[in-house]
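The residues making up each chain are set out below.
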Amino acid sequence: MDCGLIGRLGVGKTTLFQALTAHKVPVTPGSMKPNMGIADITDVRLDRIAEFVPTQKVIPATVRVVDIPGVPGGGDTLGQVLAHIRTVDALAHVVRCWDDPGLGPADPASDIEAMDSELLLSDLVVVEGAIDKASRAARGQDVDAKQRLAVLTKADALLQEGEALRSAHWDDTEEAVLRSYGFMTAKPVLLVANVSEDDIGGRCAAAAIVRDASSGTSVELCAMVESEVAELEAADRVEMLESMGLVQPAIGALAAGMNEVLGLSTFYTAGDKEVRAWVIPAHCPAPEAAGVIHSDIQRGFIRAECFACDELFEFGSEKSIKEAGRLRSEGKGYAMQDGDVVHFLFNV
Ligand SMILES: Nc1nc2c(ncn2[C@@H]2O[C@H](COP(=O)(O)OP(=O)(O)OP(=O)(O)O)[C@@H](O)[C@H]2O)c(=O)[nH]1
Ligand SMILES: [Mg+2]
């Protein structure tokens, strides 16, 4: 999964990027190029599974994070900068919730609105260019162009009304067309309230505004503190987080929020070679989940032997789960549940 960090000038995007990628990617201050990096998704359940299943390696799921520079005043330059993240799957919109001596008091409502209209404007520019092109192509017998033109016209009407494209219903074909143009307002978005180091829990009024502006899922974090935490050794990291009343670092919270806005969930495989987390569409059929590991396992799928990770924490081992009659054997029609630990049986 690819996640783009967006937000107004100086709201802490790069600071958050460095926290998420544990300072592994060198960043150039003042550059107009996006920063890109892979972040390991910290996962409390994964670590806990590895405590119960002795293994050689623990492999977290990952997310690619793209940090784009803020642009003073937005406009054309912002449009060019946004072009760098038209291919991401989802957006994390970072909102400043601390009062900054240079930038002034926090004003999340106006910042969110300003960013949203920039995204809308940049989509409008793209849609209008695309309509020109598609209408020329649609004059001939180009069925594909006609279909594209219909989708673009519907998109144009929404954007003219000031509506984000994600607010409308689109069927699969229409969605594929939208994706091919990389419309920003069609992408799922997670609001991230970047709170001050004195307000880690996000109790300030600004953070409440961000929560209310979200459609249910938002995240609060302090990018600066998270960036410091990410610089520590793993052992010290846990202690520092606990001292601040946090259960997981920013990447864990952000990934959980992303999964929610994207409708994704996590399952695990656990054996003596590796204990590993996998991200799948929530409730997808078992063979599709198997396909995320390897297409052969999907093709030759026989059944899935599984249990919930909470059962592992309760019974202590797979053997005890089996003895208690709780090891399930699921077939092709099984809808995967978040937190399942699975062995796929297959034959190719
Ligand atoms: N007090 C406080 N300052 C922060 C926090 N997060 C970031 N900052 C500061 O805000 C300034 C800008 O942070 P950046 O991470 O560069 O912000 P940005 O969004 O990448 O900025 P542009 O790329 O220029 O748009 C830096 O001086 C950070 O130290 C925070 O949580 N609290
Ligand atoms: Mg930056």
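Quick note: structure is the one above.
Caption draft 1: Molecular detail of the overall build of the protein chain. Within the protein chain one finds 14 helices and 12 strands. Against the globule reference of 20 Å for 348 residues, the protein chain gives a C-alpha radius of gyration of 22 Å, in line with a compact fold. Along the three orthogonal principal directions, the C-alpha set of the protein chain runs to about 65 × 60 × 35 Å. Every one of the 348 residues in the protein chain was classed for burial, and the buried ones make up 44%. Counting contacts in the protein chain only where the partners sit at least 6 residues apart, residues at least 24 apart contribute 67% of the total. Summed over all atoms, the accessible surface of the protein chain reaches about 17200 Å², with 51% contributed by carbon and sulfur. Side-chain charges in the protein chain split into 31 positive and 53 negative, and the spacing between the mean points of these groups amounts to 8 Å.

Caption draft 2: Local environment of the environment of Gly-316. Along the chain, Gly-316 turns up in the loop between α13 (309-315) and α14 (318-323). Sequence separation between Gly-316 and Met-244 is 72 residues, and the spatial gap between their C-alpha atoms is 30 Å. Discounting chain neighbours no more than four positions away, the residues touching Gly-316 are Phe-52 and Glu-311.

Caption draft 3: Just the sheet that holds strand β7 (residues 218-221), in detail. Sheet architecture is open: 6 strands sit in the order β2-β4-β1-β5-β6-β7, paired in mixed fashion. In the strand order of this sheet, the two ends are held by β2 (35-40) and β7, each with one partner. The average undirected angle you get between the axes of adjacent strands in this sheet is 25°. Of the strand pairs in this sheet, strand β1 (residues 2-6) and strand β5 (residues 90-96) are connected by 4 bridges, and their pairing is parallel. The residue bridging Gly-4 from the neighbouring strand is Leu-91, located in β5. Seen against the sheet, helix α7 (residues 205-213) touches β5, β6 (189-194) and β7 and runs at an angle of roughly 175° to β6.

Caption draft 4: Layout of the packing of helix α1 (residues 13-20) against helix α8 (residues 223-230). The contact between α1 and α8 brings their axes to 8 Å, and the two run at 30°. Between α1 and α8, the interaxial angle falls into the category roughly parallel. You can see that α1 and α8 cross each other, and the crossing is left-handed. Contact residues: α1 offers Thr-15, Leu-16, Gln-18 and Ala-19, while α8 offers Ala-223, Met-224, Glu-226, Ser-227 and Ala-230. Its residues placed into classes, the contact of α1 with α8 shows 5 nonpolar, 3 polar and 1 charged.

Caption draft 5: Representation of the side chain of Glu-174 in the model. Within the secondary structure, Glu-174 sits in helix α6 (residues 172-181). Setting aside residues no more than four positions away along its own chain, Glu-174 makes contact with Val-151, Lys-154 and His-169.

Caption draft 6: Here's a closer look at the site of ligand 1. Around ligand 1 sit 17 residues, and of these Gly-10, Lys-13, Thr-14, Thr-15 and Gly-70 come closest. Trp-98 is positioned such that a nitrogen or oxygen atom in its side chain is 3.5 Å from a nitrogen atom of ligand 1. A distance of 3.3 Å separates a nitrogen atom of ligand 1 from a polar side-chain atom of Glu-197. With the chains in place, 72% of the 650 Å² that ligand 1 exposes on its own is no longer accessible. Those elements that provide at least two residues to the shell around ligand 1 are α1 and α8. For the shell around ligand 1, the element with the highest residue contribution is α1, accounting for 3 residues.

Caption draft 7: Seen up close, the pattern of salt bridges. By the definition in use, this model includes 13 salt bridges. Here Asp-144 makes a salt bridge to Arg-148, at a shortest N to O gap of 3.4 Å. Within this pair, Asp-144 and its partner Arg-148 are both found in helix α5 (residues 143-160), separated by 4 residues, close to a single helical turn. Given a relative accessible area of 45%, Asp-144 falls into the partly exposed group. By relative accessible area, which is 23% here, Arg-148 ends up partly exposed. Here Arg-303 makes a salt bridge to Glu-305, at a shortest N to O gap of 3.6 Å.

Caption draft 8: Structural view of the side chain of Ser-227. Tracing the backbone shows Ser-227 in helix α8. By relative accessible area, Ser-227 is classed as buried at 10%.

The rules behind each value
Residues numbered from 1 in each chain as written. Chains lettered and ligands numbered in written order. Predicted model: local features only at pLDDT ≥ 70, side-chain atom pairs only at ≥ 80, totals over all residues. Heavy atoms only, no water. Helix = DSSP H or I, 4+ residues; strand = E, 2+ residues; numbered from the N terminus. Rg over C-alpha atoms; globule rule 2.2 N^0.38 Å. Buried < 20%, exposed > 50% of the residue type's maximum accessible area, 1.4 Å probe, protein only. Contact = heavy atoms within 4.5 Å. Areas by Shrake-Rupley, 256 points an atom, 1.4 Å probe, with all protein chains shown as cover. Lys, Arg positive; Asp, Glu negative; His and termini not counted. Charge placed at Lys NZ, Arg CZ, Asp CG, Glu CD. Pairing = 2+ DSSP bridges. Axes fitted to C-alpha atoms, helices over the stretch in contact; angles between N-to-C directions. Parallel < 35°, antiparallel > 145°, perpendicular 65-115°, else oblique. Left-handed = near helix turned anticlockwise from the far one by under 90°. Nonpolar A, V, L, I, M, F, W, Y, C, P; charged D, E, K, R; others polar. Near = heavy atom within 4 Å. Polar contact = N/O pair within 3.5 Å; in protein donor to acceptor, adjacent residues only side chain to side chain. Salt bridge = Lys/Arg side-chain N within 4 Å of Asp/Glu carboxyl O.

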